[in-house]
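The chain contents come next:
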Amino acid sequence: MKKLLNTLFITTPDIYLSLKGENVVITHENQQLGRFPLHNFEAICTFGYAGASPKLMYACAEKNINLTFLSRSGRFLARVVGESKGNVILRKTQYRLSENEVESAKIARNFIFAKIANQKWILERMARDYPLRIDVPMFKQVSSELTTAMKAILVTEDLERLRGLEGQAATAYFKLFDQMILQQKDIFYFRNRNRRPPTDNVNALLSLAYTLLASDVTSALETVGLDAYVGYLHRDRPGRASLALDVMEELRGVMADRFVLKMINKKMMQSTDFVQKENGAVLLTDDGRRKFIKAWQERKQESLTHPYLNEKINWGLVPHAQAILLARYLRGDIEEYPPFLWK
Amino acid sequence: MVNDDVDYLMLSGIQHFRFCSRQWALIHIEQQWAENVLTIEGQHVHEKADQPFLREKRGNKLIVRAMPIRSHSLKTNGICDVVEFYEHKDGVPIHGETGTYLPIPVEYKRGKPKRGQEDVVQLVAQVMCLEEMLLCDIPAAYLFYDEIKRRVKVDITDEMRNEVQSMFKQMHHYFDRRHTPKVKTGKHCVSCSLQNLCMPELMSSTTVRSYMERYL
Ligand code: SF4
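Residue positions are counted from 1 within each chain, in the order its sequence is given. Here the convention is simple: chains get letters from A, ligands get numbers from 1, in the order in which they are written. The predicted origin of the model limits local features to residues at a pLDDT of at least 70 and limits the giving and counting of side-chain atom pairs to 80 or more, whereas totals for whole chains, interfaces and linings rest on all residues. The basis for every side-chain value is the complete set of heavy atoms in the structure, and neither hydrogens nor water enter the calculation.

1. Observations regarding the overall build of chain A
Then, number 1: Secondary structure is summarised from DSSP: a helix means a run of H or I of at least four residues, a strand means a run of E of at least two, and numbering begins at the N terminus for each. Broken down by element type, chain A carries nine helices and 13 strands.
Then, number 2: Note on classification: 1.4 Å probe, protein chains only; a residue is buried when its accessible area is under 20% of the maximum for its type, exposed when over 50%, partly exposed between these limits. Within chain A, buried positions represent 60% of all 343 residues.
Then, number 3: Pairs at least 24 residues apart make up 60% of the contacts formed inside chain A by residues separated by at least 6 positions. We call two residues in contact when some of their heavy atoms are within 4.5 Å.

Following this line, the structure appears as structure tokens:
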């Protein structure tokens, strides 16, 4: 259970939610774990649900409290929606800004700024932790290139230019990715980013991590009532969750790349976890995928202090924190969208 | 011109607006509403007064409860807890009654008289509605406070009427743009029932820009 701003997150599985008087009551196998005044919350979000009483759903709908059900792994299942127009206004703002280049760029640049900042601090951390294993001057040099890009991004109001700066930074960062692989270099190597299909083990892991992250971010956006398909940096394309891809940019490095590196460097993945197809595509075996996803879920339980909110949460809620902050920005409460930045 | 009821604002909102324009917007534009002890008690006090169209005659006084009111010029509608009509030669005729009457609204409030003007502006807005509906002048009205069990007389000045008018103008302006304003936070936030939704701390924390620059 976690209160993030004013959302109640139930992250323990098999919790039943009900209403007693003015309180949400949280029970697990007939044992009461807690109760909170319902009016404290703007939203309630439950992962891996046992259920919620119709009375609570009724009260949530009536009081315009967003009650969302996610699967245990964080996939969006359903939301109880009342008749209020609060969400409509939020979505209309989202759409309106997406049609305006300058307004879109203002949001997009903060996604990109954070993406590059987070990549930069991965490099810095590596240079500090493994000075004997990596080419420190090269890491320092790329790090300062990334800083230059970040400074340029802060004053850019042009989407094309943002995409250009982002592309350059990504190239510089991925040039060093292979050096950050410190174990089992014979089976884990990185030449360049490839996908559809990935043709080496590292790219296979990156692809899976990005897929898992995209699904978490999509859920988080839907949970706060945003449309995951209308983005600012990524243009609308049928079937593409553009806003989820936007928000994901800032989380790729910290949540996916670092996780993949950890799985490799801690020798949690072996060559037997992969199969190579005739066309060169590399896939994970069922066991390999299961192992990877299990570790991913465990990682989400680890805690951190959110850099902007200064609230202690677990990694699994980071996408939700960003979705809430984005909604707050769209509602005009914050002068800029505060992206997730991690040193 | 036909008036579109959809854009009429709830009269009682003016008390929220007077207390904090953001609080008003959260309730009336974003439709977020956190009931807390204060507001639940508030409803309780109202139950007595909330009996639609109950007319009661006491001597030369006609008492009407829960009277729907509106003003086309302010574009607002709402309900008066109690309107007392006094038989008076300078008054106006009332449908279904003989003689002429002067209306005096009485608004019921929990607690005791407040230092802020939020109860007063609501009462003035009610007065302005009644004046417009009945074509009369109402020089004074009352606030009844539950805790002191007494009514407090409020003289209605032109200055007050102007203020209420300009407040409604601002409210319509925000409402038309569906804009929730940012405001100065302060001591009054402690007693605000929407603190959890408003997150005043977000408005006073450091700028996003300086937060980002720390990572350069
Ligand atoms: S918490 Fe403060 S700023 Fe926010 S609505 Fe209430 S009074 Fe206004």
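There is more to say, and it comes next.
2. Describing the overall build of chain B
Then, number 1: The helix and strand inventory of chain B stands at eight helices and seven strands.
Then, number 2: Counting all 216 residues of chain B, 48% fall into the buried class.
Then, number 3: For chain B, restricting intrachain contacts to residue pairs at least 6 apart in sequence, the fraction spanning at least 24 positions comes to 59%.
Then, number 4: To measure how exposed things are, a 1.4 Å probe is used in the Shrake-Rupley method; for residues, cover is taken only from the protein chains shown. Only carbon and sulfur atoms are counted for the fraction: they give 53% of the accessible area of chain B, which is about 11400 Å².

3. What about the UniProt feature "binding site: Mn(2+)" (unreviewed entry) in chain A?
Residue and element names in this part refer to chain A.
Then, number 1: UniProt positions are given in the numbering used here, feature names are shortened, and annotations may be inferred rather than shown by experiment. As annotated by UniProt and renumbered to match this structure, "binding site: Mn(2+)" (unreviewed entry) occupies Glu166, His234 and Glu249. Maximum C-alpha separation among the annotated residues is 12.6 Å over a sequence range of 84 residues, consistent with a single clustered spot.
Then, number 2: Relative to the helices and strands, Glu166 resides in helix H5 (residues 159-175).
Then, number 3: If sequence neighbours within four positions are ignored, Glu166 has contacts with Ile112, Lys115, Ile116 and Glu249.
Then, number 4: As used in this structure description, the phrase polar contact means that two N or O atoms lie within 3.5 Å; if the pair is within protein, one of them must be able to donate a hydrogen and the other to accept it, and residues adjacent in sequence are counted only when both atoms belong to side chains. In this structure the side chain of Glu166 is engaged in a polar contact, spanning 2.6 Å, whose partner is the side chain of Lys115.
Then, number 5: Along the chain, His234 falls in the loop between helix H6 (201-223) and helix H7 (242-265).
Then, number 6: With relative accessibility at 16%, the residue His234 sits in the buried group.
Then, number 7: At 2.6 Å, the side chain of His234 and the side chain of Asp246 are in polar contact.

4. Remarks on the packing of H6(A) against helix H8 (residues 286-301) of chain A
Residue and element names in this part refer to chain A.
Then, number 1: The angle between two axes is taken between their N-to-C directions and runs from 0 to 180 degrees, where each axis is a line fitted to C-alpha atoms and a helix contributes only its stretch in contact. Close contact between H6 and H8 brings their axes to 11 Å; oriented N to C, the two are set at 45 degrees. Compared by their axis directions, H6 and H8 come out oblique. In terms of crossing hand, the pair formed by H6 and H8 is right-handed. Where H6 approaches H8, its residues Leu205, Leu208, Ala209, Leu212, Leu213 and Asp216 are matched on the opposing element by Arg289, Phe292, Ile293, Trp296 and Lys300.
Then, number 2: Gly counts as polar in this scheme, as do all residues outside two lists: the nonpolar Ala, Val, Leu, Ile, Met, Phe, Trp, Tyr, Cys and Pro, and the charged Asp, Glu, Lys and Arg. Its residues placed into classes, the contact of H6 with H8 shows eight nonpolar, no polar and three charged. What sets the label is the angle itself: under 35 degrees gives roughly parallel, over 145 gives roughly antiparallel, 65 to 115 gives roughly perpendicular, and the rest give oblique. Helix crossings get a hand from a simple test, with the near helix turned counterclockwise from the far one by less than a right angle marking a left-handed crossing and a clockwise turn marking a right-handed one.

5. Side note on the pairing of strand E3 (residues 61-71) of chain B
Residues and elements named next belong to chain B.
Then, number 1: Counting buried positions along E3 yields nine of eleven residues, so the element is predominantly enclosed.
Then, number 2: Two strands qualify as a pair provided that DSSP identifies no fewer than 2 bridges between them. Bridge analysis of strand E2 (residues 55-58) against E3 gives four bridges, and the strand direction is antiparallel. Paired with Glu56 across the two strands is Ile63, which belongs to E3.
Then, number 3: The antiparallel pairing of E2 with E3 creates a hairpin that spans two residues between the two strands, and Gly59 there sits at a positive phi of about 60 degrees.
Then, number 4: As paired elements, E3 and strand E4 (residues 76-93) share ten bridges and run antiparallel to each other. By the bridge assignment for E4, Lys61 is matched with Tyr86.
Then, number 5: Between E3 and E4, which pair antiparallel in sequence order, lie four residues; one of them, Lys75, sits at a positive phi of approximately 55 degrees.

6. Some thoughts on the environment of A:Ile313
Residue and element names in this part refer to chain A.
Then, number 1: With respect to the element layout, Ile313 can be found in strand E13 (residues 312-314).
Then, number 2: Since its relative accessible area comes to 2%, Ile313 is described here as buried.
Then, number 3: When the C-alpha atoms of Ile313 and Glu302 are compared, they prove to be 8.4 Å apart, with eleven residues separating the residues in sequence.

7. Concerning the sheet that holds strand E7 (residues 49-52) of chain A
Residue and element names in this part refer to chain A.
Then, number 1: Sheet architecture is open: four strands sit in the order E5-E4-E3-E7, paired in mixed fashion. Edge positions in the sheet fall to strand E5 (31-37) and E7, since each has one partner strand and no second. Strand-to-strand, the axes of this sheet are offset by a mean angle of 20 degrees, without reference to chain direction.
Then, number 2: Relative to E7, strand E3 (residues 15-20) is paired through three bridges, and the arrangement is parallel. Bridge assignment links Tyr16 to a residue of E7, and that residue is Gly51.
Then, number 3: Running at roughly 65 degrees to E3, helix H1 (residues 54-62) makes contact with E3, strand E4 (23-28) and E7 of the sheet.

8. Observations regarding helix H3 (residues 101-129) of chain A
All names here are of chain A.
Then, number 1: A rise of 1.5 Å per residue sets the reference length of H3, with its 29 residues, at 42 Å; its end C-alpha atoms lie 41 Å apart and thus fit the reference within 8%.
Then, number 2: With 22 of 29 residues buried, H3 is to be regarded as a mostly interior element.
Then, number 3: Between a side-chain oxygen at the N-terminus of H3 and the backbone nitrogen of Val102 the separation is 3.0 Å; the capping residue is Asn100. Expected span of a helix, by definition, is 1.5 Å for each gap between consecutive residues, and there is one gap fewer than residues.

9. A few points about unusual backbone geometry
Then, number 1: Phi is positive for A:Gln184, which is not a glycine, with a value near 45 degrees.
Then, number 2: Mapping A:Gln184 onto the fold places it in the loop between H5 and H6.
Then, number 3: Although it is not a glycine, B:Arg178 sits at a positive phi angle of roughly 50 degrees.
Then, number 4: Among the structural elements, B:Arg178 can be located in the loop between helix H5 (158-177) and helix H6 (195-198).
Then, number 5: With a relative accessible area of 35%, B:Arg178 lands in the partly exposed category.

10. Section: the pattern of salt bridges
Oppositely charged side chains can pair when the atoms bearing their charge come close.
Residue and element names in this part refer to chain A.
Then, number 1: Salt-bridge detection follows one rule: a side-chain nitrogen of Lys or Arg within 4 Å of a carboxyl oxygen of Asp or Glu. A complete count under the given rule lists 34 salt bridges over all chains for this structure.
Then, number 2: Linking Glu124 and Lys140 is a salt bridge whose minimum nitrogen-to-oxygen distance equals 2.8 Å. One end of the pair, Glu124, is in helix H3; the other, Lys140, is in helix H4 (residues 136-154), with 16 residues separating them in the sequence.
Then, number 3: With relative accessibility at 18%, the residue Glu124 sits in the buried group.
Then, number 4: Judged by relative accessible area, Lys140 falls into the partly exposed class, the value being 41%.
Then, number 5: Connected through shared salt-bridge partners, Lys115, Glu166, Glu249 and Arg252 make up one network.

11. Points about the packing of H4(A) against H5(A)
When two helices pack together, their arrangement is captured by the angle between the axes and the distance separating the axes.
Residue and element names in this part refer to chain A.
Then, number 1: One way to put it is that H4 packs onto H5 with a least axis distance of 10 Å and a crossing angle of 170 degrees. Between H4 and H5, the crossing angle belongs to the class labelled roughly antiparallel. Contacts between H4 and H5 involve Val142, Glu145, Leu146, Ala152 and Ile153 from the former and Arg161, Leu162, Leu165, Ala169, Ala172 and Tyr173 from the latter.
Then, number 2: Taken together, the residues of the contact of H4 with H5 break down into nine nonpolar, no polar and two charged.

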